[in-house]
Every structure is written in C-alpha cells, then in structure tokens.
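Per-entry structural report
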Amino acid sequence: MHMADALISPAAGGAMWAATAGLIAYSSKKVREEMDDGKVPLMGVLGAFIFAAQMINFTIPATGSSGHLGGGMILAVLLGPYAAFLTIASVITVQALFFADGGLLALGCNIFNMGFWPCFVTYPFIFRPIFNGPATQTQGRMLTGAMLACVVGLQLGAFSVVLETLFSGISELPFGTFVLMMQPIHLAIGIVEGFVTAAVVGFVWKARPELVTHDSNPTYASPNNMRPVLIGLLICAVITGAALSWFASANPDGLEWAMFKTSSHEELANPEKGIHASLLHLQKKTAFLPDYGFKADGAEPKAEAESTPSWPAVSAGTSVAGLVGGALTLFLAVIIGLGLKRRGNHSK
Amino acid sequence: MSHHTIDAKDLHYIYPDGTAGLNGISFHIGHGESVALVGANGAGKSTLLMHLNGCLTATQGGLSIGGYPVTAKNLKIVRRSVGMVFQDPDDQLFMPTVFDDVAFGPLNLGFPVAEVEHKVMQALETVGASHLCKRPPYKLSGGEKRAVAIAAVLSMSPDILVMDEPSANLDPRARRRLIALLKTFEHTKIIATHDLDMAMELCQRTIVLHQGMITADGPTIGIFQDDALLADSGLEKPLGIQNCPRCGNRCTG
Amino acid sequence: MLNIDRNLFDIGRMDTLAMGDTPLHHLDPRAKLMTTLAFIVAVVSFGKYELSAMIPFFIFPLAQIAKGDLPFMYLLRKVMIVAPFALFIGIFNPLIDRETLFRLGSIHISGGWISYLSILMRFALTVMAALTLIALTGFNTVCLALEKLGVPRPFVVQLLFLYRYLFVLTDEAARLARARSLRVFESNGMGFKPFASMVGHLLLRTLDRAQRIHIAMCCRGFEGHIPILRPMRFGIREIRYMTFWAMVFALLRFYNLPMQMGLLITRLFT
C-alpha cells in the first residue's frame, strides 16, 4: 500500500510530511528520554530484520499464494510505540530511496499510514488492553489481540491511502470504488498479518518471555500521555485544512484542486457527485475537528467548476503545438544530456 | 601506564537463568604476556572475556585490570585499557564506513578531531587496511573485516588486547597474515581460540578452561602435549605436533 | 520475496556508483537533497492534465546522469521495475474520465488519457530524481545530510543502523530460506508452522545480535551518543548549483516552454 509521488499533490504530501515529521520528532524525544542505550542498535537491527524476514514466505492454505511478515505490530510489541514508529519510518524511508517503493514526497503519507496506526492506535488501544487485561496473559489473548490490532491497523491505513489519494485529486478513481478495492484486500492482508504476528510473538514469548510481557513503556497507554500525540495530530489536521483551502483559493487554475471537481461526465452518472456527497457525509461523521477547512472548500470549487472548464481552454491548434513542442524539448533534453556526457568524458 | 596486568581472584558467575558460567577462576597475567584461552564450546571462554571489559560483573570474586578493580566506577578506565575484538566482526563494525568505525572509539574518548584522524590512519596502516578507509563494512571480505575490527580497537591505544576467536572464518592466507600481524604487537594479549596451532605460534602460555574452571595453566607446549588433559577438556592435539598422518612420524618437534 | 536478494545486489551497485569521482559527487549532499526535493515538488505541483509543460523537467535527471557519469540504462531499468504500481492505479483515469479534451485529426483524446500519461510522466520524473540522488550521494551520506538539516538524531542513527545490518540479516534470512527449500520436497514444508518458527528464530538471533552490538559499542566508550566525523562544506559551488536549478525549475514551472516553441514552429508552417 505504498503511495507514489505521482499520485499525490504537493499540499497533501506536504501536510502529511509535516504530520510525520512531528511524530518523528516527538518519538525521537521520547526515545531519547527513555535513555536506554541498548535500544539504539536494537531498533536498527530490528528494522533490518523486517526486510530480512520478508525473504521468508509461506504458502497460505487453500489459496496457493504466499504470505510474509509485514512487521509493524511486532515492532510495537518488542520496542514500544515510539521506538517502533521510528523503526517503521526508517524501513519505509529505505524502501522509498532504494526500491523506489513509494516516493520522497509520498514518504510522509506512507510513514503515517503504516506507522501511526499500528504504533499509536491499535497497539496501545487494542493489543495491550486485550493482552494485558485483568486475567493472565495467554496464547489465546495474544492471538486475539494481535489479530484485531493488525486488521484494524491495516484497515485504517488503507482508508488513509484512499483519503490521501482523493484529496490529491490526481487519480480519477471514485471514492466508492477505491474503498471497495482497498478495504477487502487489506482485510485479507490484515488477517494473514495477524496470524504471522501472533505466531512470531508467541515464539519469542516462549523463548524470552521478558521481551514480550513487560510493557516497554508502561505508562504511555493512559489517556494523559496520549494527549500530546492527539493534540499534535489535531494541529496537523488544521494545517492540512488551512493549506488546502489556501491553495484552492489562491491558485485556482495552476494547482487544480480536483478533489471536489464536479465537472460533469456524460458517460457516467456523475460519479464525482457521489464522492463529494460521501466525503461530506464522512466528514460530518468523522469531524473530530469542528472547523475543518474542507467543508467550505467543498462547496466553493463546485460552483466554480461549473463555470470554468476543467483545463485552461484547449483548442486543437494549441494541442498540436503542445505535442510538437513537447517532442522537441524532449529531444533537446536528450541532446543536452549527451553533450554533457561527452564533455565529461572528454575532460577526463 | 606500565602495569598492563590482569588479576582474577576466585571469579564466579551465574547466569540469570541459573546456569553457572564461571566456577571460581583465578589467574595473574603479567605485562606483555601473550596468553591463549582454550576450551571446548561452552567451557566459559566468552563469559570470562565479557568480564574483562566489565560487560558482565562477577557474582562473586574480583577482577582488576592494571591495578584498577573492574567496577562501575572504573569502567571507563578499564574499557580504555582493554581493547576487545569480537568473534563476529559484523557485530563490531556497526558504523557506515570503515573510517567512521575506527574513529568511533577515539571520538567517544573525546580526542580532538585532528588527533582522531591521525589515530585512525595510523591504526589502519598498522593492519594494512588504509585503502579501505571509505568503504562500507558490508563490502569487505572476511579477512578485511577482521583487520578493520582490530584497527578499530587499536585506534583507542589499548594496553591489553582481548580477542575472541580471531582466526575463525578466515581463509588460510588471511589467517597467516593475521598471525603475522599479531606477532608484531607488544600489547598484553589474551586470545580465546579453538585454533590451537595459532595458539602455539602466538602464545607462550595457555589457560585451559573446562566447565567454568581452570584445568590447566602453564607453558603452551607442555599443555598441548598432555593427551589426557586435552581429552578431559574436550580438546585435541594441534595438528602441528601430531604425528604425520601419512608416515606416522613426528614431523616437527 | 526472493527478489529482495536481487534488490540488495542493486543497493550494493548504487553504493558503488556513489563512490564516483565527479564534481557532482563531491557536492555537499544537502544541496543535492534540497534540489531534488524542490524538483519533485515542482513536478507534482502541475495540474493533472498538464503534459507538455512537464517534459522539459527531464533535463534535471538527464543532466545529473550525464554529469555524474551514471549508467542510464541501469537507472531506467530500476524505474521500470516499480512502474507497474503507477500503471495500475493510473489506468482508471482513462476508463472513468472519458470527456474529450482535444482532437487530433479525427482521433478524440479524452482527459483521462492525458491525465494518465501525466501520472506516468510524474512517476518517471520523481523516481528518476530520487534514484539519481542516491546514486550520486550514497545512502549514508544522505542520512548525514538529513541530520545536518535538522532531522532528529535518533531517527538518523536508526537509518544508519538499519542500512548497515540490512545486508547481514538478509544474508542470514536467505540462508534459512535456502536450507528450508532444500528439505521441503513435496510435503507441506512451506506451511505456516515452519515459517513461524523460522521467523521466530531469526528474530531471536537478531535480538542476540543487537545485544552483542551494544556490548561492542560500550567497549569502545559508547554512552548514548554516536559521533560521526563528516565535515560538510556548503560553499559557493553549492549555492551556484542550487540557484541554477531553482531558476530552471521556476522558469519551467511557470512558462510552458514546449508550448511556446511548438506554437512558434506550427506558426512557421501555417
């Protein structure tokens, strides 16, 4: 579920960068405060472990496909949320830089989608309460906790992907279709992930119980300590909203905020209206921030889009010109590149 | 410091899970001595080495390095004077490049930058690895890794060198080069190893460990010719002093 | 996931490229990093039906590849490896957005196809830029630049450690996987149980290794701080490089160069 640079807009990417940077800074501070020297190499090596473990796969019964470890929840269990978040962030950064999996601008989105939910939401609020509950810790509770935490974490992550893509407006995929595509796939992935997490954590638990049962950071689960994280998130959301509405109004044609674009499509029965409506509905439902910038924007471009065409008016003449000119520039770029290369070789 | 000595008095160590690691170990190693520490797997060699730099603390008995008892208070002094080369160089070379790794120790000790650079280059030259300076550790061969790991320790100018299986996983030529290199060092040396032939070449004295206890401590040649002792400790005579497998004659003396 | 094996090989190759000896290699990594980010932001800020205006941006990765003496075909192949994702997500655009945007003779070209091509072009540009950055700079140096730019130290150290042990651990995992595949035959050795125990073992060994590394660090005076000596100089060359490209990006972003040129040429012939 890595998002690529090509599919997100600078505002969406930038806002998620800001959110992720905040979380990284906060987690770094927390990790530094914990003052556990041993965690420094441990985090790094576990990050590498996530890569390595993905080389080992297994056959999923009855499907013929194969599964492997995803890892977020295991890291959270072994390291605690803050160190785990940094570790996941580093794994995704390496993937972005080397495997070109995701991109630099999308890095914020990707780290958030795959790190925030498991570390700061499903681990403390699902896994730990179930596993640590009043009764003794058992294999069954662990499986339940891991399963639920993984499934919910991945669902939230997948849904974030959908939202970020929609807000960016580069892909035409309608909201409903996208959700229907993403959520079931990630339900399946989540279940496999849950089994794998439970099995591996169970294995470590048997061999080195102290690593699993001790709560690496016993106090953080209390609502008080989660407050900075939630407040930080709230601030990020405000910034996102503000940035998006600012761009939308200040730069209406250059950066096309197509997320609520409602220019009609004859062939399809106005799918975009569907997105718009469901988004608005969704926002009402999830409005943890009462004055979220989107509501106002949502209505504005709608009116605007009716009057102005979706792209600066294009006549046949200018499009041909665009094609010719484009081909020419590409040619020039290649020539310049070759020229630079030859000169470089020559000077040696 | 002129007292590069190690004194152990009745060291006991019991692991948290209850298994005994060391069962009363005492020895004295003098300035400039080169001592081989041999014993079967699980005899307690690594456990003992871990005590020498304060990574483990004895549950009973005491240890002092150069006259300083190994306690939390003296840890810094002890770790500075004891240079530890680990069995797996990958555990020891954790920095991005060879240079960074060799500089890690001196920088932690707070030397000024210019001096650190000098120390690093000097250490790398000693082990013949200056050309590897900018390489990342994962791109080195086994022998190169070992050389760099030794340089990383030398750059801190330790008085005592402690090595865990320095010849493990080396090809014959790299092993030969390592032995030649170690011969040039004048530090007090403790070498834990299964490579008894190397021990014969490098160490005049050998300590044999078995089940956490010292079963022999004396001149290397004498110990390696004591068949009964070696068999009891789960060891075997070094090839160098075994009879020739083809003609049955003793080839060396 | 055995292609990770090959990917790792690739990482090694990227590091070798980063050890090159061209002026671009010697540039302060911060300059390269920030310029690349500026490039990506400029590219993705185009409207979704923009196509021709993006083409000139290829000059940046191409110039870097040429000046940095990088193997073009190799980098292109790396771009292609990850292309399926963009191809897949983007393909919905022509299916859904079928409004004709312009005509070329009798061919009607829909907005969806234009935005699809636009996505592919963004993709090629951004991925290429990121790859050239790594190939010119090397991962570790990029990390150190990040630190100098204010990224928290624990995170940077984490990145460095991960990168260092990536090779060691994948090697270990590959050995485990190979040992299993040699003994699976036709039974269900690829099942879940052996998998869980393999990963579990790998994890335990990893934890032990972390402990050994920590001991090795402590033996050399580690007290929670990782010192790295890497003087970086942000001089006139860096400023020149950044200003030059910033101006190029700004120019290309706000003037549709190909369109102007194309207009000029079509006007000549009509």
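So, here is what we can say about the structure in this document. (Residues numbered from 1 in each chain as written. Chains lettered and ligands numbered in written order. Predicted model: local features only at pLDDT ≥ 70, side-chain atom pairs only at ≥ 80, totals over all residues. Heavy atoms only, no water.)

1. A closer look at the pattern of salt bridges
Applying the stated criterion to the full structure yields 19 salt bridges over all chains. For Asp 217 of chain B, the salt bridge identified is with Arg 205 of chain B, shortest N-O distance 2.9 Å. Here Arg 205 of chain B lies in strand 9 (residues 205-210) and Asp 217 of chain B lies in strand 10 (residues 213-219), a separation of 12 residues in the sequence. Judged by relative accessible area, which is 36%, Asp 217 of chain B ranks as partly exposed. Measuring nitrogen to oxygen at the nearest pair gives 3.4 Å for the salt bridge that ties Arg 205 of chain C to Glu 172 of chain C. Of the two residues, Arg 205 of chain C is situated in helix 10 (residues 192-219) and Glu 172 of chain C in helix 9 (residues 153-184); the sequence distance between them amounts to 33 residues. (Salt bridge = Lys/Arg side-chain N within 4 Å of Asp/Glu carboxyl O. Helix = DSSP H or I, 4+ residues; strand = E, 2+ residues; numbered from the N terminus. Buried < 20%, exposed > 50% of the residue type's maximum accessible area, 1.4 Å probe, protein only.)

2. Brief notes about the interface of chain C and chain B
Interface size is often expressed as the accessible area that is lost when the parts come together. Opposite the 31 residues of chain C that make contact, chain B presents 32 residues. Of the roughly 2,800 Å² buried between chain C and chain B, counting both surfaces, carbon and sulfur atoms make up 62%. Per-residue buried area on chain C facing chain B is highest for Arg 164, Arg 220 and Leu 229 of chain C; these three make up 32% of the total on that side. Applying the counting criterion to the chain C and chain B interface returns 5 salt bridges. Between Arg 209 of chain C and Asp 91 of chain B there is a salt bridge, with its nearest N and O atoms 2.6 Å apart. (Contact = heavy atoms within 4.5 Å. Buried area = accessible area lost by both parts, 1.4 Å probe.)

3. Comments concerning helix 8 (residues 139-148) of chain C
Looking only at helix 8 of chain C, the buried set comprises Phe 139, Asn 140, Val 142, Cys 143, Leu 144 and Ala 145 of chain C. Count one or two residues on from helix 8 of chain C and you reach Gly 150 of chain C, which has phi positive near 105 degrees.

4. Focus on helix 9 of chain C
All names here are of chain C. Under the 1.5 Å per step criterion, the end-to-end length of helix 9 is 45 Å for 32 residues, consistent within 8% with the ideal 46 Å. The largest bend in helix 9 comes to about 40 degrees, at Leu 166. Counting buried positions along helix 9 yields 24 of 32 residues, so the element is predominantly enclosed. Positive phi appears at Phe 185, one or two residues downstream of helix 9, with a value of about 50 degrees. (Expected span 1.5 Å × (residues − 1). Bend = angle between axes of the 7 residues up to and from the residue.)

5. Observations concerning the packing of aromatic side chains
All names here are of chain C. For the structure on display, the rule yields 30 aromatic pairs over all chains. With centroids separated by 5.2 Å and ring planes inclined at 85 degrees, the aromatic side chains of Phe 60 and Phe 249 adopt a geometry described as edge-to-face. Of the two residues, Phe 60 is situated in helix 4 (residues 59-67) and Phe 249 in helix 11 (residues 236-254); the sequence distance between them amounts to 189 residues. There is no split in this pair, since Phe 60 and Phe 249 are both buried. Judged by centre distance (5.6 Å) and plane angle (80 degrees), the rings of Tyr 163 and Phe 167 are edge-to-face. (Phe/Tyr/Trp six-rings, centres within 6.5 Å; stacked < 30°, edge-to-face > 60°.)

6. Quick notes on the packing of helix 3 (residues 72-79) of chain A against helix 4 (residues 81-98) of chain A
Residue and element names in this part refer to chain A. Here helix 3 crosses helix 4 at 140 degrees, and the two axes come no closer than 7 Å. Between helix 3 and helix 4, the interaxial angle falls into the category oblique. Between helix 3 and helix 4 lies a crossing whose hand is right-handed. When helix 3 is examined against helix 4, the residues Gly 72, Leu 75, Ala 76 and Leu 79 are found in contact with a partner set consisting of Pro 81, Ala 83, Ala 84, Thr 87 and Ile 88. Along the lines of polarity and charge, the residues of the contact of helix 3 with helix 4 split into 7 nonpolar, 2 polar and no charged. (Axes fitted to C-alpha atoms, helices over the stretch in contact; angles between N-to-C directions. Parallel < 35°, antiparallel > 145°, perpendicular 65-115°, else oblique. Left-handed = near helix turned anticlockwise from the far one by under 90°. Nonpolar A, V, L, I, M, F, W, Y, C, P; charged D, E, K, R; others polar.)

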